[in-house]
Each structure stands twice: as C-alpha cells, then as structure tokens.
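Structural description and commentary
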Amino acid sequence: MSKMSKSQAVLQSEKITVDFSGFKAIKNLDFQVKPNTVHFVIGPNGAGKTTLLDVICGKSKASEGKLTFKNKYDLTKMTEYGIVHKGISRKFQAPSIFSKLTVFENLEIAMKQKKSLSGILFAKLKKDNKKKIDDMLNLIGLSEEQDKKAGSLAHGQKQWLEIAMVLMQEPDLVLLDEPIAGMTKTERMKTGELITQIAKDRAVLIVEHDMDFVKEYADVVTVMHEGQLLREGSMEEVQNDPQVRQVYLGRKVEAHA
Amino acid sequence: MIPVRLDIYDEGLLLQNIRGGAVGMSKLLVQSSTNKKVILLLILAVLLLAPLFLSDFRLNLLGKFLAFAILAIGLDLLWGYTGVLSLGHGIFFGIGAYSMAMYLKLEATGGGLPDFMAWSGMKELPLIWLPFQYPMIAIMLGMIVPAAIAFLLGWLTFRNRINGVYFTILSQALVLVVVTLLIGQQNLTGGTSGLTNFQTFFGYPVNSPTTQTVVYLVTVVALAAIFLGCSKLVKGRLGRVLVGIRDGENRMRFLGYNTSVYKTFVYTVSGAIAGLAGMLFVLQVGIISPTMIGIVPSIEMVLWVALGGRGTIIGPIIGAVFVNAAKTGLSESYPDMWTYFIGALFVIVVIFLPKGIVGLFEKFQERWKRADVKDVKEPSGVTVRKNYSRL
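Below or above, wherever it landed, is the structure these notes cover.

The rules behind the values
- Residues numbered from 1 in each chain as written.
- Chains lettered and ligands numbered in written order.
- Predicted model: local features only at pLDDT ≥ 70, side-chain atom pairs only at ≥ 80, totals over all residues.
- Heavy atoms only, no water.
- Pairing = 2+ DSSP bridges.
- Helix = DSSP H or I, 4+ residues; strand = E, 2+ residues; numbered from the N terminus.
- Axes fitted to C-alpha atoms, helices over the stretch in contact; angles between N-to-C directions.
- Contact = heavy atoms within 4.5 Å.
- Salt bridge = Lys/Arg side-chain N within 4 Å of Asp/Glu carboxyl O.
- Expected span 1.5 Å × (residues − 1).
- Buried < 20%, exposed > 50% of the residue type's maximum accessible area, 1.4 Å probe, protein only.
- Patch = residues over 30% accessible without salt bridge, like charges linked within 9 Å, V, L, I, M, F, W, Y side chains within 5 Å.
- Areas by Shrake-Rupley, 256 points an atom, 1.4 Å probe, with all protein chains shown as cover.
- Phe/Tyr/Trp six-rings, centres within 6.5 Å; stacked < 30°, edge-to-face > 60°.
- Lys NZ or Arg CZ within 6 Å of the ring centre and 35° of its normal.

Below, the discussion takes up the sheet that holds strand 10 (residues 228-233) of chain A. Residue and element names in this part refer to chain A. Spatial ordering of the open sheet is given by 6-7-8-3-9-10, a layout of six strands whose pairing is mixed. Strand pairing shows two members of the sheet lacking a second neighbour, strand 6 (88-91) and strand 10, which therefore form its edges. Going from strand to strand, the sheet's axes swing by 20° on average, the running direction of each strand aside. Sheet analysis places strand 3 (residues 38-42) next to strand 8 (residues 203-207), joined by four bridges and oriented parallel. Directly across from F40, in strand 8, lies its bridge partner I206. Along the sheet, helix 7 (residues 155-168) contacts strand 6 and strand 7 (173-177); its crossing angle with strand 6, the most-contacted strand, is approximately 170°.

Turning next to the pattern of salt bridges. Here the idea is simple: oppositely charged side chains can pair when their charged atoms come close. Residues and elements named next belong to chain A. Taken as a whole and assessed by the stated rule, the structure comprises 21 salt bridges over all chains. As a salt-bridge pair, E162 and K91 come within 3.6 Å of each other at their nearest N and O atoms. With a gap of 71 residues between them, E162 in helix 7 and K91 in strand 6 connect regions that are remote in the sequence.

Look at helix 14 (residues 314-333) of chain B: 29 Å from first C-alpha to last across 20 residues, which is about the 28 Å you get at 1.5 Å a residue. Inspection of helix 14 of chain B places G315, P316, I317, G319, A320, V323, N324, A326, T328 and L330 of chain B among the buried residues, and these make up the whole buried set.

Let us now look at unusual backbone geometry. Residue and element names in this part refer to chain A. A positive phi angle, close to 50°, is found at K70, a residue other than glycine. Here K70 is to be found in the loop between strand 4 (64-69) and strand 5 (73-74). On the basis of relative accessibility, which here comes to 30%, the residue K70 falls in the partly exposed class. Residue E178 is not a glycine yet carries a positive backbone phi of 45°. Mapping E178 onto the fold places it in the loop between strand 7 and helix 8 (185-198). In this structure E178 comes out as buried when scored by relative accessible area, which is 13%.

Residue and element names in this part refer to chain B. Relative to the assigned elements, I318 resides in helix 14. By relative accessible area, which is 28% here, I318 ends up partly exposed. On a C-alpha basis, the gap between I318 and Q172 in space is 25 Å, while along the polypeptide they are 146 residues apart. Apart from residues no more than four positions distant in its own chain, I318 is found in contact with I357 and V358.

Residue and element names in this part refer to chain B. There is a patch of nonpolar side chains on the surface, built from F346, V347, I348, V350, I351 and F352 and spanning about 600 Å² of accessible area. Following the sequence through the fold, V347 ends up in helix 15 (residues 337-352). According to the relative accessible area criterion, V347 is partly exposed, its value standing at 46%.

Residues and elements named next belong to chain B. A full pass over the atoms with the stated rule returns 16 aromatic pairs over all chains. Ring plane angle 40° and centroid distance 4.7 Å describe the contact between F68 and W304, whose orientation is recorded as tilted. Residue F68 is located in helix 4 (residues 56-81), and its partner W304 is located in helix 13 (residues 295-308); the two are separated by 236 residues in the primary sequence. Across the pair, W304 and F68 agree in class, each one buried. A centroid spacing of 4.9 Å and a plane angle of 70° characterise the contact between F201 and F202, whose relative ring orientation is edge-to-face. For F201, a relative accessible area of 13% translates into the label buried. In this arrangement the basic side chain of R159 is found over the ring face of W155, its NZ or CZ atom lying 4.5 Å from the centre. For the cation-ring pair, R310 lies above W79, with the distance from its terminal atom to the ring centre recorded as 4.4 Å.

Okay, here's the thing in structure tokens:
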C-alpha cells in the first residue's frame, strides 16, 4: 500500500521537521499530495499550515526529514528558484504582483522560460509566448486589462493575476495560501472554478480557513494541529471526526455561535 | 499639438467623429514617441555643436557635467531600476580616474618616476604602475578594475542575501577603505594631493583647446552610447525583470529567478560605467584626488539621480547636469551658499519631487493628455462644432 501510493504521489514528505530555533513549527510530518487533486490543508492558527507551504517551496528549511517531488528531487536540498524550475509554484497570501508593470508584463516575466541572465538578456517575445499569455489572460478574465498597470487592478483581480503568474511556469504542483481572503462572494466562486479548472492537469495544495469554500471544492482535506497531521480524508470524513471537531471545527462553530 | 487638432477636426471627423477620435488618439500616441526621439536628437545636435558657441572654459565645464551624467546613468540602472542603493560609486569613478591619471602622469614623465615618488624616496616604478604606461591598457583597466571590484563585492554580498540598507552601509564603508588607502599609500598614489600636472594625451598636449574639444566630443559620444545601450537594456525583458527585483525580490525568486545574479550583473555594469566617467573626468579636469571621490561626492551622485528622476534613463542626465551647473553657478557668485543649497535641494526632492524633474514633466504631460483626450473622445456633434468654430 505504501509503495503504491508513494509512486502515485507528486509530493511525498517523510518525517519532516521544521525547527525555528527551538520551536518546532512542524514535527515529524508524513504527508503526500497526489496528482490532479485539489488538496486543502486546514487547522487552527499556529498549526504549521503556512510553514508547510514554506518548506515545500524552499522559503524555510527543514531541519530533518525528506521531501521528495515527483519521486526524484529532494526539495530540502534545493534553492527556491531551483524548486520553481522543477515544477512547484507558490502564490503568497497577500497578492504580490508587480504593480508598476502591466498585467501583460507581469505574465511575461512569470512565464516558463530560461530565467538565467543570458536567457533574459536576449529574450524576445515570440508568437507562441504571446499566445500563451493571451490564453492565460482569457482564463483569468483579464484580457481587457492586459495593458493596465497591475497596481490599478481590484483586489480579486490581483489575486487572479498572481495565480496566473504562478501557472505561467506550467507547474505540476501549485501552492496557494488563502487565495480567497478578502474576496467578495462572486470573486470566491470565480476563484473556486479557476482552481477546479487548473487542477485538471496538476495538483493544487491550498491553505484555507473558509470551511464553506473547502467543502465546496476539496478532493482531499488534511487537518493539521500543532505541527502534526491530525486527520486526512474527504471533507465529510474530516468533519465527522471527533478529534477534529474538538481542536478545530468545533471551536469554529462555537465561535460563530 | 496643434497640427494634430487640425487633423482631427477636419470634415472627415464631422461625419464619423468617434472613429476619427480613435485615429486621432493613436496618432497622438505615435506622435509623442516620435516627439521624444526628435527632442533627444535635438539635444544631441546641440551638444555636438556646443564647441562652436561655447568658450573653451564653458565647454570644459559642460564636458565635466556630461562625464558625471554618464556615471549617473549607471548609478540609476542600479538604484532606480534594480532597487540597490550604492553610496560608494565615487570609488568606481575614482578607480577609472586614477587609471587615466596614472597613464597621463607616466606620459608626462616619459616613463620615468613621477615627482612625488622621487620625493618619497622610491627608486623605480612600482609594479602596479607598470601596465599604465600603455594608454590602451590603462583605458581598459579603467573600466575592468571597477567592474571586477563591483563584481566581487556584489557576488559576495548579494549571494549571501545582504540587501537593502546593509548593502548601502557596506558600499559606504568601501569608500572609507579606498580613500584611506589612497591617502595612506602616498608613495604610490600621490596621497591627499592626488595626481595632476599632466602634459600630453596620446602625444597631444592635453590642455590645448583642440584636444579638449576632441575629448569633449568623445564624452558626448560616450554619453550617447551609454544612453542608447542602457535604454535598450531596460526596454527589453531584462528591464522588467529588474523592476520585478526592485519591487518584489522574493516574488521573483519564487518565479524562478536567481536574483543575486541579476543584481551582481547590474552592479558590475554600473561600476564599469562609473569607471568610464572617471576617465573622461580626469582628461577634462586635469586632476584627481581622494576628496573628489570620497563620501560626500558619492552621496552627491545619488542626489543627481534622485533630482533628475530615478527609474528613467534621461532623468539622471538632467539631474547630473542641473545640479552641477547650479553648483558651478552658485559657487562662482556665492561660494559659501553651495552646501546650504544642496541640503535644501535634498529636502525639496524628498518631500515634493519623489520622482524628480522627469516625474514633474510626466505629471504635466498627463494633465495635457487628459485634457486632449477629453476633446478627442467627445462624441457629441455639438461640442465638436463648437471646437471647430473656435479654431
């Protein structure tokens, strides 16, 4: 069973520990992400969700354990830009787009290409580059805004632009950190559809607090608590787990009531 | 602007004013980019013709300002585009200047020992002076050495993610180190009095009006070349990547860019450009000393860029020429006023002109355009007729 699932997984974490000078944000975490799934990570504040994304994309270093990507690459030994080229792209919680560049230019520098100095120095915008960018603009519905400065976009549009930038790299695993925070109801729906759409060809790992959103779009849900995996399964399984209710969902319901 | 208006408000527009408006607008846009080219060519022509109408003294001053302008472009590439503030560009400028000065000095002594070395008891030419006997090697070293130092320092700092204010402090420390070395090694460098008393350059008397005019023209050509080269660099994808690094270095790393390579590259290029400026400076001013490349000049250089408008290629040129012209003008009439003036200028730029002189122009231009677009887009025939009658 474990052998089988290992070969299926895009990302496999074995006994990962992240230690912030004594405070273990993640402890001995075994975890995997399968291809073509929308995989949510939920849990109370401080459970280590964002740290999990950090350690996958190379922002934080694991003090112990192994993180294997596509059965080949050990992510714990790679730089953040090296990880990107192997096929993992991340969107941050606050939209971090380049507000002084146009929407089109944002996608242009994000697209999959040789990102070495010599590659960029002599780069020209080729026809197929332009087509890829146009397709992406269509997907996120910003074709009309392509020549506008990205800084002038609405909050939701900025979030989509950053998702698009992440997708331009054609990754096999996309990491999203609270993508719908601060969005209106319609924007949330659009984002949900976008996520379903992009998960057709790749795995999407999302940290999210909004349970209605998780319920609607999740294939798999992982609940983290104090740096460890508490429960994993479908949303229904997770919701009915007494332990999960005790540490997280139950508390949430009480807070709402 | 007026020809455009005539174009828009001819009878064709009266029939199809909306389409006409669109055509007019695109014409206006094309026109503004050709306008820019025409203005730049005009400036270049004026600079090239300046020897005909400026006195030798004024021409020499202008040449010095243009050498500063070259440096300012390089500094802006680093600060305005890549977001790395260096308070140590005086050093790269200085190394270029000293390289040229060492060659000039050796040509003046006919390959013999310069006077200051003889005074400090040296018997023969020190090893590091030897390559500077040859003008071509000296010129090359005047750019290669600053580039190499910038590369080394950039590579060590950026790779270890020493950024922002820490890098700026480090660059300032570099100035202190180099200036101390220059003053301390008097037998090698001429100490505080620096290097001066040059005679010939490639065999021509260095102070003659003809040589000075040629050096001035070379400076203009060098400035034009650096301007074009840097414009091309920042208009390409590299420019967008640099702005990306400036505004969100982390995001760029997580888009797959090794940003430290880019920063090291720009720092190196910027160092080489500063070296070139230093060489042209020495040829026209005839002296280089540690005080001309120390902390105060290094900070002034940043002010040129800030005042002209960072993040543009033309801004630093305007800033360098403007500040230095003001400096000369003021110190000619009120020698004590200069330091107050530069202080006040700094405050004014930081508070009122964050985008410099170029930013001010852009603001006016935008206001103009907006007013224009309003007229052009006006769909109602009544307004058009009103405008028509007004013309």
